[in-house]
Amino acid sequence: MLRNYLIVAWKVLMRRKFFTFASLFGVGVTLMVLLIAVAMLDHVFAAQEPEIHWDRTLGIYTISLTGERRATNGPPGYGFLSRYIAPLAELDSVEAVSLVSMPETIVSYDRGRKIPSFLRHTDAEFWRLMSFQFLEGGPFSDLDLAHGNFVAVINRSTRERYFAGASAAGQTMDVDGRSFRVIGVVEDVPILRISSAADIWVPTTTFRNTHYQQDFTGGFLGLILARDRADFPAIKAEVEARARQAEKNLPDPEYYQTLSAPADTLFESVARGLGGDPGGAHAGRLRVILLGLGLLFLILPTVNLININLSRILERASEIGVRKAFGASSWTLVGQFVVENLVLTLLGGLLGLLLAKIALAAVNSSGVIPYSHFTINGRVFLYGLTMALVFGVLSGVYPAWRMSRLHPVNALNGRFS
Amino acid sequence: MIRHLLKLSWNRKRANALLIVELFFSFLVVFGVATLGLFFAANYRRPLGFEWQDVWAVQVDMKRARNDTFEASQVETFAQLVRETRSLPGVAGVAVSMDAPFSFESLSDNFEVEGRRIEADFDEVDEQFAPLLGISLVAGRWFQPADAQLAYTAVVINAQLAREAFGDADPVGGRLREAREGEAEMRVLGVVEDYRSGGELARPRLFFFRYHPVGDLGQRPPQWLLVKVAGNTPRALEEQLSRRLQAVAPEWSFGIQPLADLRESNNRFRLVPLIVGGVISFFLLLMVGLGLLGVLWQNVLRRTRELGLRRALGAPRSAVHGQVVGEQLLLTAFGVLLGLLVVAQLPLFGVSDFVGGGVFVSAIGVAVTAIFALAALCALYPSVLAGRVPPADALRYE
């Protein structure tokens, strides 16, 4: 049965080439746009090297202090994290805690050339929590942290910029006016991976001064690697409890009285950042918003495809008439037409996949987003397939229903209403 | 004629309703992109109010997490940075500010004028700022060092704020805000033509400058140094400047960027959404166009009998063309009308105030024209086909 449907579908596609082209173009472009959007979201939020444990990592991305007349909101500071969050590592459910600074843009001068880069201060735990691919050397250790050694791990592109691609381990380089010794070189990390990406990573203890050790707000984030996702609620509750504790020791109690520093996944954090009710189901809402935007985008292509399909049915009136006259039920015909439409959308999806791959490769090589490597991985492909199926059903059902309702006599006569 | 077309369209209302829906959504898409594009274009045509050429912006990062507290030593160090920079050969002038032009940050404040609340952006700058950036005054005067002793807070406002707060009255000497707890009253010293710190593409805003002399112990130190250099200064001076700043304040960190670079990244940031939206919309319209063409083509083939009959009864080819295109334009008119109904609600949400009435109306014009042009273009080929139907064929057709 299905085989017959497929054969008919193919024959119909080949019959009127212009219609086929118009439909495939529409489906292809639509799915290309959706695939690119999904690939970009995946690139930002899903686990990928070096954040391979991303699905069981929580982060303290923001802290907000509020008082009666003031409020401040931003990345947490090292002082708060080191006192209240770092000790979480002692819990059984927590594998590791790392405190890393948000990347700062710095400018270095090397033999008359100006080299801008992203600099990140991290602890030694960071290298255990992440899984970097080292091209040369290795990460810095707790000992380097303790001694405040001026050592740096750099990425491949930075090695290219400073050392023209030659071996860099053991060399010294100027970083923001100070001299650092390179001890490791890693593969480039896409800049959109906001928890790990940088050009140069150096120990936290090489900061220019020690103010950061007192700060409750500013410039850092805390990463908590859980043993299991199932421990998330317990860890979140624990972080909440520590925040209550920290509230009693705020640095300026005359301005601020309450503190909130939730442990979130990155997606939850972004969802929370969009505002709305505190303590609500932010992540769910963001998912609904994204889904809604996708469906909104789909309206125009769907209506377009429905129109094309409706026109197309009419040329097949005699076929429908014959089948109905021989007793095919409406449901059978609906099924057949939806299958035909699915064939069309899947073909269009394939086209969209190809177009998306080309477009993403162009974005990657253009360098608009540093070190991005947007790809269509298995996850994105599955999303794409789902979207193609949804699109196919949405745009196929109404025309199929119209078709199935044609009266056999009218259909055979070529009369429609 | 129109009544006849209406009747013909009504006879196929179900298929036509979907075409109208498609045209309606296409209208909204074009309207959205056109609004953004025209908004940027209108902003771009307005004077920027300052000159960014040959100015370097130095961001001074004092490595403190919070900006609302400061120490006297920081103010001193900052003053020394200004002196050091000024003494560097090749530097033509130095000014300081809290925000740099083209940066995305902005400070804002609000006043009550005759019961209305006005919100305006502001920046804290020294007396060198306007001369260095070539900001021209249209009334009153710019800050001078003696203004630090004034009993009131002196501000220089832009012409837009002058209009908003004082209407036709002379703004110079006018009071923007009464004295309040811990703060002196705020009075206007002068009016500049404009200063659009957000860049050429940003929406013009109400703006004022507060005076912030270098070394003022009562205010937190500024965050930017603006350095005017000669026309083709080598970038080597940048390294020299960086080293010298670093020597004065080893605990701080400095980022030097020509304003030209800041301007470019600011413009790019604003243009990227327009470009992405434009490309997607272009493809969507192409898709809609192909779809319409297909549907009309099919329609004409189906109506061979009707069209042939008209020809047989003596209708000229042009009348048949007119019928096909006319029917299509009628449907388009319905789609556009629906779109206009939706778009007409937008002023209620302040959209037209935000982008400007002129932009709003022109965007509607662009969208209406584009959709009609698209529809007519798609109807053209099918109408030619329709005109070619030989009457004899039509009568034989069964």
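Up top is the structure.
Presented here is a report on the structure given in the accompanying data block. Note that the structure is a prediction, hence the values are computed from the model and not measured.

1. Overview of the pairing of strand β8 (residues 151-155) of chain A
Residues and elements named next belong to chain A.
Reasoning step 1: Of all five residues in β8, five are buried; the element is thus mostly enclosed.
Reasoning step 2: Every second residue of β8 is oriented toward a common face, with V151, V153 and N155 on one face and A152 and I154 on the other, all of them buried.
Reasoning step 3: Pairing of β8 with strand β10 (residues 178-186), which is carried by five bridges, proceeds in the parallel orientation. By the bridge assignment for β10, V153 is matched with G184.
Reasoning step 4: Relative to strand β11 (residues 200-203), β8 runs antiparallel, the two sharing two bridges. Directly across from V153, in β11, lies its bridge partner W201.

2. Focus: the sheet that holds strand β13 (residues 258-260) of chain A
Residues and elements named next belong to chain A.
Reasoning step 1: What the three strands build is an open sheet, ordered β3-β2-β13; its pairing is antiparallel. Edge strands, defined here as strands with exactly one partner in the open sheet, are β3 (71-74) and β13. Between one strand axis and the next, the sheet turns through 10° on average, direction left out of account.
Reasoning step 2: Sheet topology places strand β2 (residues 63-66) next to β13; three bridges connect them, and they run antiparallel. Counterpart to L65 in the pairing with β13 is L259.

3. Points about helix α7 (residues 232-247) of chain A
All names here are of chain A.
Reasoning step 1: Given a rise of 1.5 Å per residue, 16 residues ought to cover 22 Å, and the 22 Å separating the end C-alpha atoms of α7 matches this to within 8%.
Reasoning step 2: Within α7 the residues assigned to the buried category are F232, I235, V239, R242, A243 and A246. The buried residues of α7 occupy an angular sector of 105° when projected down its axis, which confines them to one face.

4. Thoughts on the interface of chain B and chain A
Reasoning step 1: Between chain B and chain A, the contact holds 44 residues from the first and 43 residues from the second.
Reasoning step 2: In this assembly, chain B and chain A are joined by two salt bridges.
Reasoning step 3: Between D174(A) and R243(B) there is a salt bridge, with the nearest N and O atoms lying 3.8 Å from each other.
Reasoning step 4: For the side of chain B that touches chain A, the secondary structure elements donating two or more residues are α2 (13-45), α6 (236-248), β11 (253-258) and α7 (259-302) of chain B.
Reasoning step 5: Looking at which element gives the most residues to the side of chain B that touches chain A, the answer is α7(B), with 15 residues.
Reasoning step 6: Classifying every residue of the side of chain B that touches chain A by side-chain character gives 24 nonpolar, eight polar and 12 charged.

Calculation criteria
- Residues numbered from 1 in each chain as written.
- Chains lettered and ligands numbered in written order.
- Predicted model: local features only at pLDDT ≥ 70, side-chain atom pairs only at ≥ 80, totals over all residues.
- Heavy atoms only, no water.
- Buried < 20%, exposed > 50% of the residue type's maximum accessible area, 1.4 Å probe, protein only.
- Helix = DSSP H or I, 4+ residues; strand = E, 2+ residues; numbered from the N terminus.
- Pairing = 2+ DSSP bridges.
- Axes fitted to C-alpha atoms, helices over the stretch in contact; angles between N-to-C directions.
- Expected span 1.5 Å × (residues − 1).
- Arc of directions from axis to C-beta.
- Contact = heavy atoms within 4.5 Å.
- Salt bridge = Lys/Arg side-chain N within 4 Å of Asp/Glu carboxyl O.
- Nonpolar A, V, L, I, M, F, W, Y, C, P; charged D, E, K, R; others polar.

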